[in-house]
Amino acid sequence: MKKIYLLLLAGIFSISAFSQTVDGIIQDRVQKLDAMLDEAISEQQVPGLVAMVLKDGKVVYHEAKGLSDVVSNASMKKDNIFRIASQTKAITSTAVMILWEEGHFRLDDPISKYIPEFKNLQVLTGFRYGDTTFTTRPASREITIRHLLTHTSGIGYGVIDGDERMKMIYHKAGVVDLFTTEDISIKESVMRLAKLPLHHDPGAKFTYSEGLDVLGYFIEVISGKPFDVFLKERIFDPLGMNDTRFYLSSAQAPRLVTVHTYREGKWQPFPVTFYDPDYPRKGAKRFFSGGAGLSSTTADYAKFLQMYLNGGELNGKRILSSQTIETMMKNQVGDLMQGDKKYGLAFGLVTEQGVATGGIGSEGTFDWGGYFNTQYFADPEENIIGLIFKQTSGAGNGDETGWKFRQMVFTLIE
């Protein structure tokens, strides 16, 4: 990223700035954005949400709508905490690149150099549904750290995998796919994962995977510290992300938004299924999922994104070099992804085709979302950030706030 934004960021995110006038923003369109979100709540598209927009490091909009819990009728607040699920991945990738900058490894090193259990991997060739036995062949090459960062390793994703065979194989092996209240560590789960077959040869396809969980354990191996401690010391504390954690303190727990689902014509709490929705505030609290485990607020995650727009620093705290970020924002998957986006080393990246499609930002805008209906994007050209956090799973009710919010944010720019 050649362009580094030199912003005056003292006191950033400390103001509820819905009424603040920011240069380059068409103010009456902010009102229209707000009205759209009000309408979505009134139509019960979602039970509640928090939305935030920043331009040039200044808060343009930050509002909470609806309810954080339908049973108690608790109003949503701007500092409510959301399970951000796959938004964890970019944070884990950032931690990997912090260690890469220190010279601990090369991106194309095989992961088996640091986690030997990933040596001599196999690719799935056949599967017997009756007893879940399977046949394999040797993989043509080893998984590298770059493969894990870019979802090209061939590793699967268990319960959310698109291949039913992989779901069954992962379940039988006891791999934790997302998050858990059970007494298991990320190392234990990764050791089980290392014994399982791959979808395909490393580097052959883009297959959304648990590669970032593997890298969470890799960070422990390289740094010699528990993964949660490393993130706190190297990312969260420097950036002031005090509400971004794998598990919540007793003081934070009441601010956690309930996971809701729409059934029988109304929103209600999501039940315990393959996971317990209360995982961030109860259970063994030992599993630190690099791909899906964190909870956060819109203000916290905005700080993380602004650090990237600033070329690697925020409020005098440097996390990454601007040259490292330039590498991370390049297409790393070639033509393995088609359409409006490619993938870098931490984010999805809007392509020229995406710009032509409209409503998703300039070329190079980076984004991702989370399993529980949280979304974010950041446009380096316009220096604008948008976040819209909701907390729903399973059955929905025609939620259109994700695409409408993003499309309307870009129409705010003069």
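This one's a predicted model, so the numbers in the text were calculated from it and none came from an experiment.

Definitions and cut-offs
Residues numbered from 1 in each chain as written. Predicted model: local features only at pLDDT ≥ 70, side-chain atom pairs only at ≥ 80, totals over all residues. Heavy atoms only, no water. Pairing = 2+ DSSP bridges. Helix = DSSP H or I, 4+ residues; strand = E, 2+ residues; numbered from the N terminus. Contact = heavy atoms within 4.5 Å. Axes fitted to C-alpha atoms, helices over the stretch in contact; angles between N-to-C directions. Expected span 1.5 Å × (residues − 1). Buried < 20%, exposed > 50% of the residue type's maximum accessible area, 1.4 Å probe, protein only. Arc of directions from axis to C-beta. Left-handed = near helix turned anticlockwise from the far one by under 90°. Nonpolar A, V, L, I, M, F, W, Y, C, P; charged D, E, K, R; others polar. Parallel < 35°, antiparallel > 145°, perpendicular 65-115°, else oblique. pLDDT = per-residue confidence, 0-100. Salt bridge = Lys/Arg side-chain N within 4 Å of Asp/Glu carboxyl O. Patch = residues over 30% accessible without salt bridge, like charges linked within 9 Å, V, L, I, M, F, W, Y side chains within 5 Å. Areas by Shrake-Rupley, 256 points an atom, 1.4 Å probe, with all protein chains shown as cover.

A. The arrangement of the sheet that holds strand E14 (residues 366-370) in detail. In space, the eight strands of this open sheet follow the order E3-E2-E1-E16-E15-E14-E13-E12, with antiparallel pairing throughout. For this open sheet the edge positions go to strand E3 (74-75) and strand E12 (341-343), each flanked by a neighbour on one side alone. Sheet analysis places strand E1 (residues 48-55) next to strand E16 (residues 384-389), joined by six bridges and oriented antiparallel. Following the sheet pairing, leucine 54 is matched in E16 by isoleucine 385. Seen against the sheet, helix H8 (residues 298-309) touches E1, strand E2 (58-69), E14, strand E15 (374-379) and E16 and runs at an angle of roughly 155° to E16.

B. Region of the structure containing helix H1 (residues 27-42). For H1, spanning 16 residues, the distance from its first C-alpha to its last is 23 Å, which sits close to the expected 22 Å at 1.5 Å a residue. By the burial criterion, the buried members of H1 are Val30, Leu33, Asp34, Met36, Leu37, Ala40 and Ile41. Angularly, the buried residues of H1 cover 155° about the axis, an arc narrow enough to put them on a single face. The exposed residues of H1 that point more than 90 degrees off its buried face are Lys32 and Ser42. For H1, the elements touching its buried residues are E1, E2, E16 and helix H11 (401-410).

C. Just the pairing of E1, in detail. Of all eight residues in E1, eight are buried; the element is thus mostly enclosed. Across eight bridges, E1 lies against E2 in antiparallel orientation. Along E2, the bridge assignment pairs valine 50 with alanine 64.

D. A look at the packing of helix H2 (residues 88-101) against helix H6 (residues 211-223). Two elements in contact, H2 and H6, have axes separated by 10 Å at closest approach and are oriented at 35°. Two packed elements cross with a definite hand, and for H2 against H6 that hand is left-handed. Each of Lys89, Thr92, Ser93, Ala95, Val96 and Leu99 in H2 lies in contact with H6, whose residues at this interface are Leu212, Leu215, Gly216, Ile219, Ile222 and Ser223. Class assignment of the residues belonging to the contact of H2 with H6 gives a composition of seven nonpolar, four polar and one charged.

E. Representation of the packing of H2 against helix H7 (residues 227-239) in the model. One way to put it is that H2 packs onto H7 with a least axis distance of 11 Å and a crossing angle of 80°. Judged by the angle between their axes, H2 and H7 are roughly perpendicular. Contacts from Ile91, Thr92, Thr94, Ala95, Ile98 and Leu99 in H2 reach Phe227, Phe230, Leu231, Arg234, Ile235 and Phe236 in H7.

F. Broad picture of unusual backbone geometry. Even without being glycine, aspartate 56 reaches a positive phi, approximately 55°. As for its position among the elements, aspartate 56 is in the loop between E1 and E2. The phi angle at asparagine 383 is positive, at roughly 55°, despite the residue not being glycine. Along the polypeptide, asparagine 383 turns up in the loop between E15 and E16. Of the residues examined, asparagine 383 reaches a relative accessible area of 1% and is grouped as buried.

G. Fine view of the confidence of the model for the protein. Chain-level pLDDT for the protein is 94 on average; 95% of the residues reach the 70-or-more range. Here residues 1-19 scores under 50 on pLDDT; set against residues more than four positions off or in separate chains, the count is 54 contacts.

H. Up close: the pattern of salt bridges. Summed over all chains, the structure comprises 23 salt bridges. The partner of lysine 55 in a salt bridge is aspartate 56, with the nearest N and O atoms 3.3 Å apart. Connected through salt bridges with shared partners, the residues Asp34, Asp38 and Lys65 form a single ionic network.

I. A look at a nonpolar patch on the surface. On the surface, Ile160, Phe274 and Tyr371 cluster together to form a nonpolar patch covering roughly 250 Å² of accessible area. Inspection of the secondary structure puts tyrosine 371 in the loop between E14 and E15. Under the relative-accessibility criterion, tyrosine 371 is labelled partly exposed at 31%.

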